[in-house]
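Survey of secondary and tertiary structure
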Number of protein chains: 2
Amino acid sequence: MSLATNAADKPTLYKRIRADIEKRILTGEWPPGHRIPFEHQLMARYGCSRMTVNKALSELAQADLIERRRRAGSFVRRPQHMSAVLKIADMRAEITALGRSYGYELIHRKLRAATAADRDRLGVKTAGKVIAIACRHSADDVPFAVEDRLIDLSSVPEAASADFAREPPGSWLLHHVPWTEAEHTISAIVADDRTAEALDIAVGAPCLVIDRYTWRSARTITAVRLLYPGDSHRLVARFKGG
Amino acid sequence: MSLATNAADKPTLYKRIRADIEKRILTGEWPPGHRIPFEHQLMARYGCSRMTVNKALSELAQADLIERRRRAGSFVRRPQHMSAVLKIADMRAEITALGRSYGYELIHRKLRAATAADRDRLGVKTAGKVIAIACRHSADDVPFAVEDRLIDLSSVPEAASADFAREPPGSWLLHHVPWTEAEHTISAIVADDRTAEALDIAVGAPCLVIDRYTWRSARTITAVRLLYPGDSHRLVARFKGG
DNA sequence: CACGATTATATGTCTAGACATATATGTCAA
DNA sequence: TTGACATATATGTCTAGACATATAATCGTG
């Protein structure tokens, strides 16, 4: 333990290069638009081959921290859009993460031929059968959210035999439909009579609404509306780039 | 145009490899947990060197589509958390993107020594001076959102001389504070008297609330609360992985 | 059978080259 | 001044190797 740099761990070189550059960007030392040293300059500075600095810069480019332009060089990117990563975990995970006990209750489940309203809600022209589900999630036995869901059986036929009395449809889908794409819409409403009763809140109390449409390879899978008591629930999102 | 594959464009090899694998994952052909062919197998299949397949796999790993384990191989990742990318653009962009005209109005601006409440809101122990701002954004001359903001001048001293009567504080900060990290909290409330008047809605109407705390390298910069009419405004988020 | 030591292997990182390609820039003519 | 053309250069991709390292699997031993 004499000659070697006494740093206990030894981060690899390309990671060190990447971290060095990232730090200068994040601290503002290299503001948006600033040109990163050329690859051959970094080669000289770190005493390594071009592939090594290239790997560091490529990862920064993939992470949208820098922009690479042929012949011109690499530049610090201007924070493009203020975007936030909103974690919308499956309901059980969301509640247990808060240190509360999770409860689930199926209110109703109906398998039916798709009505015009169903097709409209799922955004499809034709649909065979659908499952309509209403259920309630609770935390420490207090209503946490009510869920109103439609599943397109022509996309997920296995859902017909799933036991939604035992497992929430969100969890079931998460485990049986591998990769999806979706769109969320968040809005606010005030509770009507039915909602108020289901959530055990006052009529006219604010509610947070999440509408989620989920596809898999361009096939609609499910449409769901989640209603949360608006003053007690909070969606938290951490984000980077602003 | 005889021997060459007549594909007009020529995507590079590693991109083709990456796309091939990504497609099999996204279609579900390779479900979560499935082992990707070993690098040496892909080398043989595509007739290229190991660095080339390694680059493809590394990018998939960086994108969290696969997980790489030494000695074991590479595996399709289970969709880890249902996360959504929420685009919360700066207000002018958000409104003009809707094809509506943007209007801005400063309601008040006050520079003061930080009170205990201010420090609490900014989440800092000590703070010198702060700027408190209230303003209103409108779309086609209809109130769109009201903003209530606190800026920590010890982090952004330049803000003291900014003309917030002309430029919204959000835009100003976006252009003067290069990189930030932030946390968003979304909730719902019902409009009280003051809010109802500012947004020109009824008392008791639902409002969407976005609370945003912004840091730069561990320094608090600003805390802002945005209030939107809840039934007319919608936050839309597209996401992947579910 | 349980447990520790050994070995085989897939990934992780790196090199010193190579040619391809887009493009900023300078040159020269209209 | 402007537009067409040539050139230089930084990045983009790729190779055929190398050694490092974590760990799954195997082997031996008590």
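Residues numbered from 1 in each chain as written. Chains lettered and ligands numbered in written order. Predicted model: local features only at pLDDT ≥ 70, side-chain atom pairs only at ≥ 80, totals over all residues. Heavy atoms only, no water.

Labelled according to an unreviewed UniProt entry, chain A appears under the name Histidine utilization repressor, originating from Bradyrhizobium centrolobii. Under Pathway (unreviewed entry), UniProt gives the following word-for-word description of chain A: "Amino-acid degradation; L-histidine degradation into L-glutamate [regulation]." (UniProt positions renumbered as here; feature names shortened; annotations may be inferred.)

Considerations on the overall build of chain A
Within chain A one finds 7 helices and 11 strands. The 242 residues of chain A split such that 46% are buried. In chain A, the share of contacts with a sequence separation of at least 24, taken over all contacts with a separation of at least 6, comes to 58%. Split by element, the accessible area of chain A, about 12,700 Å² in all, is 51% carbon and sulfur. (Helix = DSSP H or I, 4+ residues; strand = E, 2+ residues; numbered from the N terminus. Buried < 20%, exposed > 50% of the residue type's maximum accessible area, 1.4 Å probe, protein only. Contact = heavy atoms within 4.5 Å. Areas by Shrake-Rupley, 256 points an atom, 1.4 Å probe, with all protein chains shown as cover.)

A look at the protein's contact with DNA strand C
By nearness alone, 24 residues border DNA strand C, and Leu13 and Thr52 of chain A together with Arg50, Arg68 and Arg71 of chain B come closest of all. Backbone atoms, meaning sugar and phosphate, form 64% of the atoms of DNA strand C found within 4 Å of the protein. Here Ser49 of chain A contributes a backbone N or O atom positioned 2.9 Å from a phosphate oxygen of DNA strand C. At 2.7 Å from a base nitrogen of DNA strand C is found a side-chain nitrogen or oxygen belonging to Arg50 of chain B. Elements with a contribution of two residues or more to the surface near DNA strand C: helix 1 (13-26) and helix 3 (50-62) of chain A together with helix 2 (39-46), helix 3 (50-62), strand 2 (66-69) and strand 3 (73-76) of chain B. Among the elements that make up the surface near DNA strand C, the one with the highest residue count is helix 3 of chain A (4 residues). Of the residues assigned to the surface near DNA strand C, the class counts are 6 nonpolar, 7 polar and 11 charged. (Near = heavy atom within 4 Å. Polar contact = N/O pair within 3.5 Å; in protein donor to acceptor, adjacent residues only side chain to side chain. Nonpolar A, V, L, I, M, F, W, Y, C, P; charged D, E, K, R; others polar.)

Description of the protein's contact with DNA strand D
With respect to spatial proximity, 24 residues lie near DNA strand D, and among them Arg50, Arg68 and Arg71 of chain A together with Leu13 and Thr52 of chain B are the closest. Listed by contribution, the elements that provide at least two residues to the surface near DNA strand D are helix 2 (39-46), helix 3, strand 2 (66-69) and strand 3 (73-76) of chain A together with helix 1 (13-26) and helix 3 of chain B. Here the surface near DNA strand D takes 4 residues from helix 3 of chain B, the largest share from any one element. Considered class by class, the residues forming the surface near DNA strand D number 6 nonpolar, 7 polar and 11 charged.

Topic: helix 2 of chain B
Since the α-helix advances by 3.6 residues per turn, residues separated by three or four positions end up pointing in the same direction. All names here are of chain B. Glu39, Leu42 and Tyr46 are the residues of helix 2 that are buried. Viewed end-on, helix 2 has its buried residues packed into an arc of 60°, placing them on one side of the element. Away from the buried face of helix 2 by more than 90 degrees, exposed residues His40 and Ala44 are located. Gly47, located one to two residues past helix 2, shows a positive phi value of around 60°. (Arc of directions from axis to C-beta.)

A look at the packing of aromatic side chains
Residue and element names in this part refer to chain A. Counted according to the given criterion, the structure contains 4 aromatic pairs over all chains. On the numbers, 5.9 Å between centres and 80° between planes, the contact of Phe144 with Tyr228 is edge-to-face. With Phe144 in strand 7 (residues 142-152) and Tyr228 in strand 10 (residues 219-229), the pair connects residues that are 84 residues apart, well separated along the chain. Taken as a pair, Phe144 and Tyr228 share a single burial class, namely buried. The lysine or arginine in question, Arg69, covers the ring of Phe75, its NZ or CZ lying 4.3 Å from the ring centre. (Phe/Tyr/Trp six-rings, centres within 6.5 Å; stacked < 30°, edge-to-face > 60°. Lys NZ or Arg CZ within 6 Å of the ring centre and 35° of its normal.)

What about helix 1 of chain A?
Residues and elements named next belong to chain A. Taking 1.5 Å per residue, 14 residues should reach 20 Å; helix 1 reaches 20 Å between its end C-alpha atoms and fits that length. What helix 1 keeps buried is the set Tyr14, Ile17, Ile21, Glu22 and Ile25. Seen along its axis, helix 1 keeps its buried residues to an arc of 125°; they face one direction. One or two residues past the end of helix 1 sits Gly28, with phi positive at roughly 90°. (Expected span 1.5 Å × (residues − 1).)

Points about unusual backbone geometry
All names here are of chain A. Positive phi values are uncommon outside glycine, yet Arg71 reaches one of about 70°. With respect to the helices and strands, the residue Arg71 is situated in the loop between strand 2 and strand 3. One non-glycine residue with positive phi stands out, namely Asp140, at about 55°.

So, the nonpolar core
Among the nonpolar cores identified, the biggest contains 54 residues, and Phe164 of chain A together with Phe164 of chain B are the most heavily contacted of them. In this structure Phe164 of chain A touches Tyr104, Leu106, Arg109, Ile131, Ile133, Ile151, Ala159, Pro169 and Trp172 of chain A, once residues within four positions along its chain are discounted. (Core = buried A, V, L, I, M, F, W, Y, C linked by side-chain atoms within 4.5 Å.)

Side note on the sheet that holds strand 2 of chain B
All names here are of chain B. Pairing is antiparallel across the open sheet formed by 3 strands, whose spatial order is 1-3-2. Strand pairing shows two members of the sheet lacking a second neighbour, strand 1 (35-36) and strand 2, which therefore form its edges. Here strand 1 runs beside strand 3; their pairing, made up of 2 bridges, is antiparallel. Bridge pairing in strand 3 links Ile36 to Ser74. (Pairing = 2+ DSSP bridges.)

Quick word on the environment of Ala61 of chain B
Residues and elements named next belong to chain B. With respect to the helices and strands, the residue Ala61 is situated in helix 3. Considering only alpha carbons, one finds Ala61 and Val76, 15 residues apart in sequence, at a separation of 9.3 Å. Excluding residues that lie within four positions of it along the chain, Ala61 makes contacts with Ile66 and Arg68.

Remarks on the pattern of salt bridges
Per the counting criterion, the structure on display carries 22 salt bridges over all chains. Notably, a salt bridge pairs Arg100 of chain A with Asp140 of chain A, separated by 3.7 Å at the nearest N-O pair. With Arg100 of chain A in the loop between helix 4 (91-97) and strand 5 (102-113) and Asp140 of chain A in the loop between strand 6 (129-139) and strand 7, this residue pair connects regions lying 40 residues apart in the sequence. Residue classification places Asp140 of chain A among the partly exposed residues on the basis of a relative accessible area of 40%. A salt bridge links Glu105 of chain B to Arg136 of chain B, with the shortest nitrogen-to-oxygen separation between them at 3.0 Å. (Salt bridge = Lys/Arg side-chain N within 4 Å of Asp/Glu carboxyl O.)

Some remarks on the packing of helix 3 of chain A against helix 3 of chain B
The relative placement of two packed helices comes down to the angle between their axes together with the axis-to-axis distance. One can describe the packing of helix 3 of chain A onto helix 3 of chain B by two numbers: an axis separation of 11 Å at closest approach and a directional angle of 30°. Relative to helix 3 of chain B, helix 3 of chain A is oriented roughly parallel. In this structure, helix 3 of chain A meets helix 3 of chain B at a crossing whose hand is right-handed. Residues Met51, Asn54, Lys55, Ser58, Glu59 and Gln62 of chain A of helix 3 of chain A pack against Met51, Asn54, Lys55, Ser58, Glu59 and Gln62 of chain B of helix 3 of chain B. Residues of the contact of helix 3 of chain A with helix 3 of chain B, tallied by class, amount to 2 nonpolar, 6 polar and 4 charged. (Axes fitted to C-alpha atoms, helices over the stretch in contact; angles between N-to-C directions. Parallel < 35°, antiparallel > 145°, perpendicular 65-115°, else oblique. Left-handed = near helix turned anticlockwise from the far one by under 90°.)

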